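# Commentary on secondary and tertiary structure
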Amino acid sequence: MTTKTAKISVQGVTKIFALGRETFTALDNVSLDIADHEFVTVVGPSGCGKSTLMNILAGLETPTAGRALVDGSPVLGPGPERGVIFQQYALFPWLTVRQNVEFGLRTSGVPKGERRRRAEHFIEQVGLERFADALPKTLSGGMRQRCAIARAYAVDPSILLMDEPFGALDALTRVKLQEQLLHTWSQNKRTVLFITHDVDEAVFLATRVIVMAARPGRIYDVIEVDPAIERNEEFRLSSEFAALRKRVWHSVYHQEGRTAFQSASHSSTA
Amino acid sequence: MTAPERQSAGRRKLPLILNAVSVLLGIAIWWVLATAGFKLPTPLEVVSRAGTLIGNGTLGEDAVASLTRVLIGFALGTAAAIPVGFLMGWYSVLRGLIEPWIQFFRTIPPLAIIPLAVVVMGIDETPKIFVIFLAAFLACVISTFQGVVNVDRTLINAARVLGAKDVTIFARVVVPASTPFILVGMRVGLGSAWATLVAAELIAAQQGLGYRMQNAQLYYDLPTIFVGLISIGILGLLMDRVLLLAERKLTGWQERR
Ligand SMILES: Nc1ncnc2c1ncn2[C@@H]1O[C@H](COP(=O)(O)OP(=O)(O)O)[C@@H](O)[C@H]1O
Ligand SMILES: [Mg+2]
């Protein structure tokens, strides 16, 4: 074991997709350690491999080279210690909110009474108790994502992998859900890897912001945020936040020049 | 919020009224044509013949004979099509092996199989049911297969990260997600089975709606032919409505209906 504190360890991960005869390097030699209880956000332009990185950690994709470790053991597939939340909510449309939340408990063989009790608890936590027996089609986007969050929490994962979970929501709902997410996180500090394309969101939530670059997908910059800061409206409007935001913004939107240079040097060494 | 509600209730009623008007108009035109000397029985003659055929039990027996054939053939066809469609959608090897046969038989109208079926299986119920089976099977297997192939990858991934293994994913994600496709396939299959039935009875039968019309043809008995046609239409429509109802019930979770 290289780092004994790392909850998640990504070691030299490369992912190459075959597109007909061409190949596409979605991730190029990405390494990243995340400690227990960290809240890491990943931000970067579309196509820089954020989802690919998350899918590898979720066990839905396998790296072409390198490896991903969780709690020191290689990721071989999905596992109950890793909860995943997708941008498209991915609720089962034929199941009610309650049945969706119970899904993971059923697959792990939790008995009926216990299942029901636990589902109830998490449905309440996300404020959907009035809609427990509603079908997803009757819910708004924000409510659907809250249901997806309750479903992930219900199996009690120690890691949450979230792929642009609030990306499709309006700004108000998004801020509300960010605060709810931080609130639950502060009560039960899971390790979170949160992907977003929104700089504000990345800065507000994170204890560490990872900026990625595309072609090939790689880590471009890392910005630490003092974990002691209380994440509230005051922080959101502070000059400290503005400075961090500016820093991350530059990293995300002004990587062009160096990107070209770096990928050139990459291909010459490869 | 009563205005839009009333409006939508009105919008639902209007097509029904139009439908009724259209049917009545059709019957009126038929009547006019029949009395104007076209070789047609009048609606009245058809109704009175229907009364006779119902009274002496012929129509009931024929309808039961036809329905029994179609339901057995359709049930067998669907029962075979759903697992085969699932296997094709789930295992690409099986798909590669089965698909050419299905595509080939799909291009042959089931009626063209009748001569072969009669020679191989005789002239009793077996060839008729077989041809109906084939018609229902081919219609349903394709759409079941399409349904499985079209299952949203994200839903399968969501199930996997919640700890579901292949069997669970199949039973709790793939089956419900493809139900809408299967039900559409069943409706197409039933229509196809019904169409095939009548033709199968035209060839070799002692009972059934198709047989009755064939028999009436020998005696230029137009009213009986009309009764047969209308019965076939009404029974087909009723069966389709039953499946439509089942579809609404089972796939009500779908968005935008
Ligand atoms: N299954 C796949 N096959 C081929 N290319 C893929 C596949 N998945 C992702 N890619 C490509 O890899 C790149 C990174 O994708 P992704 O990880 O989804 O980026 P992001 O989430 O940062 O927008 C994209 O250019 C995408 O087209
Ligand atoms: Mg993505």
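Worth saying up front: this structure is predicted, and the values here are computed from it rather than measured. (Residues numbered from 1 in each chain as written. Chains lettered and ligands numbered in written order. Predicted model: local features only at pLDDT ≥ 70, side-chain atom pairs only at ≥ 80, totals over all residues. Heavy atoms only, no water.)

### As for the pairing of strand E10 (residues 218-224) of chain A
Residue and element names in this part refer to chain A.
- Pairing between strand E9 (residues 208-213) and E10: six bridges, direction antiparallel. Bridge pairing in E10 links Val 209 to Ile 223.
- Linking E9 back to E10 in an antiparallel pair, the connection comprises four residues, with Arg 215 at a positive phi of about 50°. (Pairing = 2+ DSSP bridges. Helix = DSSP H or I, 4+ residues; strand = E, 2+ residues; numbered from the N terminus.)

### Notes on the site of ligand 1
- Phe 17, Leu 19, Phe 24, Ala 26, Ser 46, Gly 47, Cys 48, Gly 49, Lys 50, Ser 51 and Thr 52 of chain A make up every residue found near ligand 1.
- By residue number, the principal contributor to the shell around ligand 1 is helix H1 (residues 50-58) of chain A, which donates three residues. (Near = heavy atom within 4 Å.)

### Points about the domain arrangement of chain A
Residues and elements named next belong to chain A.
- Partitioning chain A into domains gives domain 1 (1-76 + 160-167 + 191-270) and domain 2 (82-156).
- One C-alpha centre belongs to domain 1, the other to domain 2; they are set 28 Å apart.
- Taking both partners together, domain 1 and domain 2 bury about 1,000 Å²; carbon and sulfur atoms supply 64% of that area.
- Interface area lost by domain 1 to domain 2 is led by Leu 160, Leu 161 and Pro 165, which between them contribute 43%. (Domains from an automatic or database assignment. Buried area = accessible area lost by both parts, 1.4 Å probe.)

### A short note on the pairing of E9 of chain A
Residues and elements named next belong to chain A.
- Within E9, six of the six residues are buried, which leaves it mostly tucked inside the rest of the structure.
- The alternating pattern of E9 places Arg 208, Ile 210 and Met 212 and Val 209, Val 211 and Ala 213 on opposite faces, both of which are buried.
- Judged from the four bridges that link them, strand E3 (residues 39-43) and E9 form a sheet pairing that is parallel. Bridging from a neighbouring strand, Val 43 pairs with Val 211 of E9. (Buried < 20%, exposed > 50% of the residue type's maximum accessible area, 1.4 Å probe, protein only.)

### Let's talk about the interface of chain A and chain B
- In this assembly, 24 residues from chain A lie in contact with 19 residues from chain B.
- Here chain A and chain B share an interface that buries about 2,000 Å² over both sides, 69% of which is from carbon and sulfur atoms.
- On the surface where chain A and chain B come into contact, there are one salt bridge.
- Arg 144 of chain A is paired through a salt bridge with Glu 255 of chain B; the nearest N and O atoms lie 3.1 Å apart.
- Inspection of the region where chain A meets chain B yields four residue pairs in polar contact (both at pLDDT 80 or more).
- If you list the elements that add at least two residues to the side of chain A that touches chain B, you get strand E6 (82-85), helix H2 (97-107) and helix H4 (141-154) of chain A. (Contact = heavy atoms within 4.5 Å. Salt bridge = Lys/Arg side-chain N within 4 Å of Asp/Glu carboxyl O. Polar contact = N/O pair within 3.5 Å; in protein donor to acceptor, adjacent residues only side chain to side chain.)

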